[in-house]
Amino acid sequence: MLAAVDHVQLAAPPGAEDALRAYYVDVLGMTEISKPVVLAARGGCWFRVGAVQLHLGIESDFRPAKKAHPGLRVTGIEAYAARLAAQGAAVTWDDSLPGHRRFYSEDPVGNRLEFLEPILRACGPDG
């Protein structure tokens, strides 16, 4: 039986590690984590914030994921979107998911990322 998602892996072109580090650490606020030695030789980099892990693996014939994407839950989505925009990342709002505020952006190699926050509704007098 499945218990949880351990990580999501996205691809990146050879030589993109420095740009990925700048984005995932400086812009998104994640922490880079060490790859096991046997995997580090393949290039790429891994990042974490809380229980969320994103792995970026090197792919020689890389094409960015334009439809497939991780959905990353955030708190304070307006401020988070402003943070990304201030760092030069595109922020595209999408209001088509009921009960959520969300936007899309792209990492420096063009992979699509979704950021979302549930909308908390105030309870009426009957609960």
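Refer to the preceding data block for the structure.
Residues numbered from 1 in each chain as written. Predicted model: local features only at pLDDT ≥ 70, side-chain atom pairs only at ≥ 80, totals over all residues. Heavy atoms only, no water.

Trainee: Summarise the side chain of Asp107; cite the residues concerned and give the values.
Mentor: Among the secondary structure elements, Asp107 is positioned in the loop between strand 7 (100-106) and strand 8 (112-118). Lacking a salt bridge, the buried Asp107 has Lys66 as its closest oppositely charged neighbour, with an N-O distance of 7.9 Å. A polar contact is formed between the side chain of Asp107 and the side chain of Tyr24, at a distance of 2.8 Å. There is a polar contact of 2.9 Å between the side chain of Asp107 and the backbone nitrogen of Asn111. Residues contacting Asp107, with those up to four places away along its chain left out, are Leu20, Tyr23, Tyr24, Leu56 and Leu113. (Helix = DSSP H or I, 4+ residues; strand = E, 2+ residues; numbered from the N terminus. Buried < 20%, exposed > 50% of the residue type's maximum accessible area, 1.4 Å probe, protein only. Lys, Arg positive; Asp, Glu negative; His and termini not counted. Salt bridge = Lys/Arg side-chain N within 4 Å of Asp/Glu carboxyl O. Polar contact = N/O pair within 3.5 Å; in protein donor to acceptor, adjacent residues only side chain to side chain. Contact = heavy atoms within 4.5 Å.)

Trainee: Which residues make up helix 1 (residues 17-27), and what values do they have?
Mentor: Along helix 1, the residues that are buried comprise Glu17, Leu20, Tyr23, Tyr24 and Val27. All buried residues of helix 1 project into a common sector of 160° when viewed along the axis, lining one side. Taken together, the buried residues of helix 1 touch strand 1 (8-12), strand 3 (45-49), strand 4 (52-58), helix 3 (77-86), strand 7 and strand 8. (Arc of directions from axis to C-beta.)

Trainee: Go over the pattern of salt bridges with me, naming the residues and quoting the values.
Mentor: If you walk through the whole model with that rule in mind, you get 6 salt bridges. Across the pair Glu106 and Lys66 runs a salt bridge whose closest N-O atoms are separated by 3.1 Å. One end of the pair, Glu106, is in strand 7; the other, Lys66, is in the loop between strand 4 and strand 5 (71-73), with 40 residues separating them in the sequence. In this structure, Arg102 engages Asp94 in a salt bridge whose closest nitrogen and oxygen atoms are separated by 3.3 Å. The network of salt bridges with common partners includes Asp18, Arg21 and Glu32.

Trainee: An account of the sheet that holds strand 6 (residues 92-94) is needed here, citing residue identities and associated values.
Mentor: One open sheet holds the 4 strands; their spatial order is 5-8-7-6, and the pairing between them is mixed. The open sheet has two edge strands with one neighbour each: strand 5 and strand 6. Averaged over all neighbouring strand pairs, the angle between strand axes comes to 30°, with direction disregarded. Looking at chain direction, strand 6 and strand 7 are connected through 3 bridges and run antiparallel. In the sheet register, Trp93 faces strand 7, and the bridge partner there is Phe103. Contacts from helix 3 reach strand 6, strand 7 and strand 8, with the element oriented near 15° to strand 7. (Pairing = 2+ DSSP bridges. Axes fitted to C-alpha atoms, helices over the stretch in contact; angles between N-to-C directions.)

This is a description of form; function is not addressed.
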